[in-house]
Amino acid sequence: MKYSGFRVVAEALFGHKGWKPLWRDPDPKPAYDFVIVGGGGHGLATAYYLAKTFAEKRIAVLEKRWLGSGNIGRNTTIIRSNYLLPGNEPFYEFSMKLWEGLEQDLNFNAMVSQRGILNLIHSDAQRDAYRRRGNAMLLAGADAQLLDREAVRRMYPYLNFDNARFPIKGGLLQARAGTARHDGVAWGYARGADLRGVDIIQNCEVTGFQIEGGKVVGVETSRGPIKAKKCGVCVAGSSSRVMEKAGMRLPIESHVIQAFVSEGLKPTINGVITFGAGHFYISQSDKGGLVFGGDLDGYNTYAQRGNLPVVEDVARCGMALMPAIGRARLLRNWGGIMDMSMDGSPIIDRTPIEGLYFNGGWCYGGFKATPASGYAFAHLLSTDAPHPTAAAYRLDRFARGYLIDEKGAGAQPNLH
Ligand SMILES: Cc1cc2nc3c(=O)[nH]c(=O)nc-3n(C[C@H](O)[C@H](O)[C@H](O)COP(=O)(O)OP(=O)(O)OC[C@H]3O[C@@H](n4cnc5c(N)ncnc54)[C@H](O)[C@@H]3O)c2cc1C
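Within every chain, residues take consecutive numbers counted from 1 along the sequence as written. In keeping with the predicted nature of the model, local features appear solely for residues at pLDDT of at least 70, side-chain atom pairs appear and are counted solely at 80 or more, and the whole-chain, interface and lining totals rest on all residues.

## Here we look at the pairing of strand E6 (residues 170–174)
Within E6, five of the five residues are buried, which leaves it mostly tucked inside the rest of the structure. Backbone-placed C-beta atoms define the burial measure: a residue is buried with 20 or more other C-beta atoms within 10 Å of its own, exposed with 12 or fewer, and partly exposed in between. Put simply, DSSP H or I for four residues or longer makes a helix, DSSP E for two residues or longer makes a strand, and each gets a number counted from the N terminus. Residue alternation in E6 divides its side chains into two sets, Gly170, Leu172 and Gln174 and Gly171 and Leu173, and both sets are buried. By definition, two strands form a pair when at least two bridges between them are found by DSSP. Strand direction decides the pairing type here: strand E4 (residues 117–121) and E6, joined by five bridges, are antiparallel. Residue pairing across strands places Ile121 opposite Gly170, the latter belonging to E6. Judged from the four bridges that link them, strand E5 (residues 145–148) and E6 form a sheet pairing that is antiparallel.

The structure is reproduced here in structure tokens:
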């Protein structure tokens, strides 16, 4: 079924009886050419591009719970390509371009909204660093604008410009950045993949890999064994646990990060704002809730919930940036498990086991990467060659010392 305005009107006239489920609910087949483990954003996007762009057939996505139960349905929906390093910026800009055409491509409303992201500057040294980042973005074909204090004040007059510790001195604006409805993205990719014959199998946990002579030949699942010629793992926060079943130890730690949503307010924040003096970012959803978040909780965990010290820290950052936020009531908060790599950058690569491919290490920035990650992983799975924009995301870069340390924090995952 093709979605359009005419379809909505026609369905309204006939009692909305013609809408179909977005994807089928098939039983697993005994064998596939490609098995994708993990039905989050990256797994679904990989299956979609494998079928659509690379014309591959016999593809299954195996998801241990329901679609959207992982980070794809838990993130704060920010999409952007404001990176500095050559290993990262072209990849995220490729993703941004895919976002810009995504809804037409999927024929699905993912509420992609290019409302802009503003990174605030609080010191002269930070202005130098952001100017450098903006120039790197422009060189990679992205957009960037350095704003002075008065230009920021015109956009957001209620921010605390004269905070004694963190005065606002300007900002780096990427106007093409913004937000997208996170679960809409999962549903759109799932529908697009299903339409092209991909079997999306929920409640199907991968419990082991069948490996013969150094080659993967299938997976064990909670719904029985499934043969596979190639197997791609996209399980985000569960990466270490799943790859351990193939005997691999990853340069990844799992940490929890929380998100917060206030009660609905009148339109207040047009775009996304990030505080430059602490880890805090905020936007406003179309329903009016302020959506914000901050740092990781700072300890290793597989729990999808956080603790109170970070709630306090996030509230303090919010108050330092925008004192009016103290009047808003918090409606809900939740946590998600982050696959924090040692340098803060992702991995899209083959593994030493033939036919087994790995996609992970997205830290808390993998939502914006969903289209490019799916595309690049599908490219790797289909052609056995890395996509040019993802060529640096090698698993062996940690051993070779070619780190992509965007933040300059060193090998300490909780600081990226
Ligand atoms: C609070 C929060 C805020 C965030 N904010 C942003 C943001 O603003 N912008 C941004 O770019 N990124 C953000 N992120 C990060 C982003 O959400 C993730 O990096 C990204 O969603 C991870 O990829 P995914 O969608 O494939 O993950 P998931 O949706 O987590 O998909 C992985 C799937 O694998 C499944 N799985 C696990 N083990 C198995 C198994 N054994 N067998 C089968 N299936 C299995 C899981 O159930 C899960 O559904 C945020 C994350 C959180 C939690």
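## Notes on the packing of helix H3 (residues 89–106) against helix H9 (residues 370–383)
When two helices pack together, their arrangement is given by the angle between the helix axes and the distance between those axes. All axes are obtained by fitting lines to C-alpha atoms, using only the stretch in contact for helices, and the reported angles, taken between N-to-C directions, cover 0 to 180 degrees. With their axes 7 Å apart at the nearest point, H3 and H9 run at an angle of 105° to one another. Here H3 lies roughly perpendicular to H9, going by the angle between them. The residues of H9 that touch H3, namely those facing Phe91, Phe94, Ser95, Leu98, Trp99 and Leu102, are Pro371, Ala372 and Tyr375. Note that Gly is not counted as nonpolar here; it falls among the polar residues with everything else outside the nonpolar set of Ala, Val, Leu, Ile, Met, Phe, Trp, Tyr, Cys and Pro and the charged set of Asp, Glu, Lys and Arg. Each residue belonging to the contact of H3 with H9 can be placed in one class, and the counts come to eight nonpolar, one polar and no charged. Reported orientations rely on four angle classes, namely roughly parallel under 35 degrees, roughly antiparallel over 145, roughly perpendicular from 65 to 115, and oblique for the rest. By the convention adopted here, residues are in contact when the distance between their C-beta atoms, placed from the backbone, does not exceed 7 Å.

## Structural notes on unusual backbone geometry
Residue Asn107 is not a glycine yet carries a positive backbone phi of 50°. If you trace the backbone, Asn107 turns up in the loop between H3 and E4. One non-glycine residue with positive phi stands out, namely Cys363, at about 50°. You can see Cys363 is positioned in the loop between strand E18 (356–360) and H9.

## Observations regarding the sheet that holds strand E15 (residues 289–300)
What the eight strands build is an open sheet, ordered E5-E6-E4-E13-E14-E15-E12-E16; its pairing is mixed. Pairing within the sheet leaves two strands with one partner each, and these edge strands are E5 and strand E16 (330–341). Pairwise comparison of adjacent strand axes, ignoring direction, gives a mean angle of 25° for this sheet.

## Considerations on the site of the ligand
Residues in close proximity to the ligand total 39 residues, the closest being Gly38, Gly40, Gly70, Gly336 and Gly366. Put simply, the parts of the chain that give the shell around the ligand at least two residues each are helix H2 (41–52) and strand E12 (252–264). Considering only residue class, the shell around the ligand consists of 14 nonpolar, 19 polar and six charged. We call a residue near a molecule or strand when its C-beta atom, built from the backbone, sits within 6 Å of it.

## Digging into helix H4 (residues 124–139)
Here the expected span of a helix is defined as 1.5 Å times the quantity of residues minus one. Look at H4: 23 Å from first C-alpha to last across 16 residues, which is about the 22 Å you get at 1.5 Å a residue. Here H4 has its buried residues at Tyr130, Arg133, Gly134 and Met137. What you see down the axis of H4 is that its buried residues fit within an arc of 105°, all on one side. Residues of H4 that are exposed and point over 90 degrees away from its buried face: Asp124, Ala125, Asp128, Arg132 and Leu139. Those residues of H4 that are buried lie in contact with H3, E4, E5 and E6. Looking at the residues trailing H4, positive phi occurs at Gly141, about 90°. Taken from the helix axis, the directions to the C-beta atoms give the arc we talk about.

Nothing here speaks to function; it is all geometry.
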